[in-house]
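# Commentary on secondary and tertiary structure
Given next are the chains, with one letter for each unit.
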Amino acid sequence: MFKKPNRKVDRVFLHCSASDVASHDNVATMRRWHTDPKPQGRGWSDVGYHLFIRKSGQLESGRPLEKIPAAQAGHNTGTIAICLHGLDEPNFTNAQYNTLTALCVEINNAYSGNLTFHGHKEVAAKACKVYFYKDILKLDQFGRLGLSGASTRPLAHAAHNERVPDAWPTIRRGDRGEAVALLQRFLMIKDDGIFGPKTDSEVRNFQSANGLSRDGVVGQMTWTALIGTDRIEHFGE
Ligand SMILES: [Zn+2]
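## Comments concerning helix α5 (residues 178-186)
Since there are 3.6 residues in each turn of an α-helix, residues three or four apart along the chain are aligned in direction. Across the 9 residues that make up α5, a large majority, 8, are buried. At the exit of α5 stands Met 188, carrying a positive phi of roughly 60°.

Written out as structure tokens, the structure is:
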């Protein structure tokens with residue numbers, strides 16, 4: 001449960017840990033990196049981020065929210081800093097994006113929408129540019145989240161900047177096009193947009209493994225299962 005700190009906050013900054021190493025996937029490691037004496041660490045009093053989101057989606061607390069973060073050089077005052085573990089964009093997980101969205105909606109509501117959300121890269125040349133936070137949170141051009149809630153859009157697709165059709169088309173062997181390419185990315189096979197024998201057999205295997213009828217026809221139920229599966233965490237690889 002998010003509780004507003006007793007200091008002015010008008011911006012939330014999003015970060016990545018810049019590591020895909022599993023043993024780094026915890027706030028304790030970030031704390032070590034930030035508090036170890038130089039040159040190994042940064043010699044700070046505490047971890048720079050307030051909140052840390054593991055690949056599992058688990059949320060961990062870092063620096064107390066009452067304290068100003070050490071996260072965006074020159075832009076720390078008035079901010080909350082959230083870090084997702086990860087480096088390469090395809091390795092961030094849907095679970096992380098779901099936690100991030102829920103958290104940001106909660107923060108946004110606590111401030112009645114009177115704060116904005118930003119990526120670290122907006123105030124630094126190269127840092128933390130790897131996930132599509134604007135799409136994930138459905139931010140407007142100013143970084144506002146809006147009070148309607150961000151959790152209505154299928155996150156996995158938003159996360160990967162895909163254009164998602166309003167109605168999922170039913171597709172089968174012989175079909176071609178964007179929907180087929182999207183399917184192939186879900187299945188982690190070459191996304192040439194051509195529903196050939198390889199795609200057909202992957203679909204049937206997926207259907208079998210997910211208790212669906214093994215008909216090779218990708219309709220609503222198969223799409224839903226594809227969206228729900230962990231495979232989507234690697235979408236785009
Ligand atoms: Zn950062």
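## Considering the confidence of the model for the chain
Across the chain, the average pLDDT comes to 84, with 84% of residues at 70 or higher. A low-confidence stretch, residues 148-166 stays under pLDDT 50, and its non-local contacts, those more than four residues away or across chains, total 50 contacts. Counting interchain partners and residues more than four positions distant, the pLDDT-below-50 stretch residues 230-237 has 28 contacts.

## Let's talk about the nonpolar core
Within the largest apolar cluster, 27 residues are counted, with the highest numbers of intra-cluster contacts made by Leu 14, Ile 82, Ile 107 and Tyr 131. When residues of this core are traced back to their parent elements, those giving at least two are β1 (11-16), β2 (51-53), β4 (79-84), α2 (94-110) and α3 (133-136). Sort the elements by how many residues they give to this core and α2 lands first, with 6 residues. Filtering out sequence-adjacent residues up to four positions away, Ile 107 remains in contact with Phe 2, Val 12, Ile 80, Ile 82 and Leu 115. Formed by 15 residues, the second largest nonpolar core is a distinct cluster that contains Phe 206, Leu 212, Val 218 and Trp 223.

## Topic: the pattern of salt bridges
Here the structure, examined in full by the defined rule, presents 7 salt bridges. Between Asp 46 and Arg 31 there is a salt bridge; the shortest N-O distance is 2.8 Å. Residue Asp 46 is located in the loop between α1 (27-35) and β2, and its partner Arg 31 is located in helix α1; the two are separated by 15 residues in the primary sequence. The salt bridge involving Asp 200 is made with Arg 204; its shortest N-O contact spans 2.8 Å. Placement of both Asp 200 and Arg 204 in helix α6 (residues 197-209) is noted, with a separation of 4 residues, approximately one turn of the helix. Take Asp 200: its relative accessible area is 9%, and that puts it in the buried class.

## With respect to the environment of Val 9
With respect to the element layout, Val 9 can be found in the segment before β1. C-alpha of Val 9 to C-alpha of Ile 80: the two residues are 71 residues apart in sequence and 7.1 Å apart in space. Discounting residues that sit within four places of it in the chain, Val 9 has contacts with Gly 78, Thr 79, Ile 80, Tyr 111 and Leu 115.

## Describing the packing of aromatic side chains
The tally for this structure, following the rule as stated, stands at 2 aromatic pairs. An angle of 50° between the planes, with centres 6.2 Å apart, marks the rings of Phe 2 and Tyr 111 as tilted. In this pair, Phe 2 is assigned in the segment before β1 and Tyr 111 in the loop between α2 and β5 (116-119), connecting sequence segments 109 residues apart. Each of the two residues, Phe 2 as well as Tyr 111, counts as buried. Between Phe 92 and Tyr 97, the ring centres sit 6.5 Å apart and the planes meet at 20°, which makes this aromatic pair stacked. There is no split in this pair, since Phe 92 and Tyr 97 are both buried. Lying across the ring of Tyr 111, Lys 4 places its NZ or CZ 4.7 Å from the centre. The ring of Phe 92 has Lys 55 sitting right over it, with the charged end atom 5.8 Å from the ring centre.

## Focus: the sheet that holds β1
One open sheet holds the 5 strands; their spatial order is β3-β2-β4-β1-β5, and the pairing between them is mixed. Unpaired on one side and paired on the other, β3 (59-61) and β5 mark the two borders of the sheet. When the angles between neighbouring strand axes are averaged without regard to direction, this sheet yields 25°. Where β1 meets β4, 6 bridges bridge the pair, whose relative direction is parallel. Of the residues in β4, the one forming a bridge with Phe 13 is Ala 81. Seen against the sheet, α2 touches β1, β2, β3, β4 and β5 and runs at an angle of roughly 170° to β4.

Scoring rules and cut-offs
- In this convention, every chain numbers its residues from 1, walking through the sequence in written order.
- Note on the predicted model: pLDDT of at least 70 is required for a residue's local features to be given, and 80 or more for side-chain atom pairs to be given and counted; whole-chain, interface and lining totals, by contrast, use all residues.
- The side-chain quantities take in all heavy atoms of the structure and omit both hydrogens and water.
- Exposure categories follow from relative accessible area, calculated using a 1.4 Å probe and restricted to protein chains: below 20% of the type maximum is buried, above 50% is exposed, and the middle band is partly exposed.
- Only DSSP runs of H or I reaching four residues or more are called helices, and only runs of E reaching two or more are called strands; each is numbered from the N terminus.
- You can read pLDDT as the predictor saying how much it trusts each residue, on a scale of 0 to 100.
- Only heavy atoms matter for contacts: two residues are in contact if any of them lie within 4.5 Å across the pair.
- To form a nonpolar core, buried Ala, Val, Leu, Ile, Met, Phe, Trp, Tyr and Cys residues must be joined to one another through side-chain atoms within 4.5 Å.
- By definition here, a salt bridge exists when the distance from a side-chain nitrogen of Lys or Arg to a carboxyl oxygen of Asp or Glu is within 4 Å.
- Centres within 6.5 Å are what make two rings of Phe, Tyr or Trp a pair, Trp counting through its six-membered ring; a difference in plane orientation under 30 degrees is then read as stacked, over 60 as edge-to-face, and the rest as tilted.
- A positively charged side chain is recorded as over a ring if its NZ (Lys) or CZ (Arg) lies within 6 Å of the ring centre. The angle to the ring normal must also be within 35 degrees.
- At least two bridges found by DSSP between two strands is the condition for calling them paired.
- Here the axes come from fitting lines to C-alpha atoms, over the contacting stretch only for helices, and the angles between their N-to-C directions go from 0 to 180 degrees.

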